[in-house]
Amino acid sequence: MMFQRTMHRFTYRLTALAAVVAGSMSPSLSQAQEVRQLSLANVPPDMIDAGPQSSAQGGGKPAGRNDIDLGQDLSPSGASPQPGSFGADSPARAAAQAARAGSSSAARTRRPPATGAAARAGVERAVFERAPIAVPLPVGRERLITLPAPAALHVPRDMESVARLEVIDRTLYATALVPFTTLRIVAELVDSGQQIPMDLVAGESTASATSELEVFVVEPGKSGPTALAASAASGASPATATKEAEPEQPAADMVQLTRYAARMLYAPRRLGYDLPGVRQVEVATKPVSGLLRGAQVEAAPLGQWRSGNLYVTAVRVTNRARIPLELPLEDIRGRWISATAQHGRIGPAGSDWDTTALYLVCERAFEACL
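Criteria and thresholds
Residues numbered from 1 in each chain as written. Predicted model: local features only at pLDDT ≥ 70, side-chain atom pairs only at ≥ 80, totals over all residues. Heavy atoms only, no water. Helix = DSSP H or I, 4+ residues; strand = E, 2+ residues; numbered from the N terminus. Buried < 20%, exposed > 50% of the residue type's maximum accessible area, 1.4 Å probe, protein only. Disulfide = S-S within 2.5 Å. Contact = heavy atoms within 4.5 Å. Polar contact = N/O pair within 3.5 Å; in protein donor to acceptor, adjacent residues only side chain to side chain. Pairing = 2+ DSSP bridges. Axes fitted to C-alpha atoms, helices over the stretch in contact; angles between N-to-C directions.

J.: Hey, could you run me through unusual backbone geometry in this one?
T.: Within the chain, Arg130 stands out as a residue other than glycine whose phi angle is a positive 75 degrees. Within the secondary structure, Arg130 is located in the loop between strand E1 (123–128) and strand E2 (133–137). Positive phi, normally seen in glycine, also occurs at Asp169, with a value near 55 degrees. Looking at the element boundaries, Asp169 is found in the loop between strand E5 (163–168) and strand E6 (171–176). The class of Asp169 is partly exposed, set by a relative accessible area of 37%.

J.: Hey, could you run me through the state of the cysteines in this one?
T.: Put plainly, a disulfide is one covalent bond tying together the sulfur atoms of two cysteines. Counting across every chain of the model gives one disulfide. Bridging Cys362 to Cys369, the disulfide has an S-S length of 1.7 Å. Torsion about the S-S bond of the Cys362 and Cys369 cystine: about -75 degrees, corresponding to left-handed handedness. Residue Cys362 is classed as buried on the basis of its relative accessible area, which comes to 5%.

J.: Looking at this structure, I do not really get the environment of Met254. What am I missing?
T.: Turning to its location among the elements, Met254 is positioned in helix H6 (residues 254–266). Note: C-alpha distance between Met254 and Ser307 (53 residues apart in sequence) is 9.1 Å. Setting aside residues no more than four positions away along its own chain, Met254 makes contact with Leu310, Ile337, Ser338 and Val361.

J.: Just checking my understanding: could you explain the side chain of Thr206 for this structure?
T.: Residue position: Thr206 is located in the loop between strand E8 (195–202) and strand E9 (212–217). Residue Thr206 is classed as buried on the basis of its relative accessible area of 6%. A polar atom in the side chain of Thr206 sits 2.7 Å from the backbone oxygen of Leu137.

J.: Please clarify how the sheet that holds strand E10 (residues 279–281) should be interpreted in this entry.
T.: Each strand in a sheet pairs with another by means of backbone hydrogen bonds, the pair being arranged parallel or else antiparallel. Across the sheet, which stays open at both edges, the five strands sit in the order E10-E11-E12-E16-E14 with antiparallel pairing between neighbours. Whereas interior strands pair on both sides, the edge strands pair on one side only; in this sheet they are E10 and strand E14 (338–341). When strand polarity is set aside, the average angle formed by the axes of neighbouring strands in this sheet is 25 degrees. Both strand E12 (residues 310–319) and strand E16 (residues 355–362) contribute to a ladder of eight bridges, which runs antiparallel. The residue of E16 that forms the bridge with Tyr311 is Cys362. Running at roughly 150 degrees to E16, H6 makes contact with strand E11 (297–307), E12, E14 and E16 of the sheet.

Right, here's the structure in full:
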């Protein structure tokens, strides 16, 4: 009886020990037999850093290890991410800002396209018929505007603060220094006094306006935009087509001839231009003695021009007396239709104003009218 009780106790303990061993070994065997492919979706929870809370519980990362921002949280703390928004310390935002800064810097330092034949390949044409001419300007790049004739510009007093304008002969050189809205300037043609209003504007939308702009005037009854368009389609120059469409200019009268000769002598070169129907003819420039009877002067022709049957000759007159001289136009030798002096009184010999010009009009050449 005693032996049976002892064996029963031994068997009970052996069974309990086997159960404990089996319970402790079976989870390990089941996990050892399970094979998984490691990915970001099935990372075990104990390998993920839960932030400050897990660190407080002792499961945090080692001290001295820096955070690596992989861009998971792109919105401020406590806010849901918005489209196009970036966190304060996001590398994406820093890259975007650097890209924007680089693009803006590149835009500021971008050099304008090369000028020359390629840039002047196209010519824009504009016809003035009362309405102001629109002139778009690229900022920081010069544009050429060709006018029908030499002109004087009327501009606002503070125009130089936004644009640089220069006129040489018939060409207006315009450069916008900064973007600006529409500004009105007026080009006054020297020969006819006609005024052409032009509206200048500069900005981002005008950056491509780099071709030369040619402006010409259509006079009523002579030509029109249709004739100009036809000449452009045929390849002829608009200026040439306009001249061909216009009838032959009438001959200038003696007043126009005299004014033209005076302008050719005294006006700046940039204001000199050809008068329709007037051409220059050859004349001897040797001194002519006794041209002004009774006056101690030296006279020599400077130039001669003809229009129709009229000739005008510009003659330089220099005083050789020691006293001022009132020019005696009634004592000029020759058969002249009209005689005009640039200055009616000249100073004594050797002074700064001892020389002037006479304009003599005749129906024949200068030598034939003496």
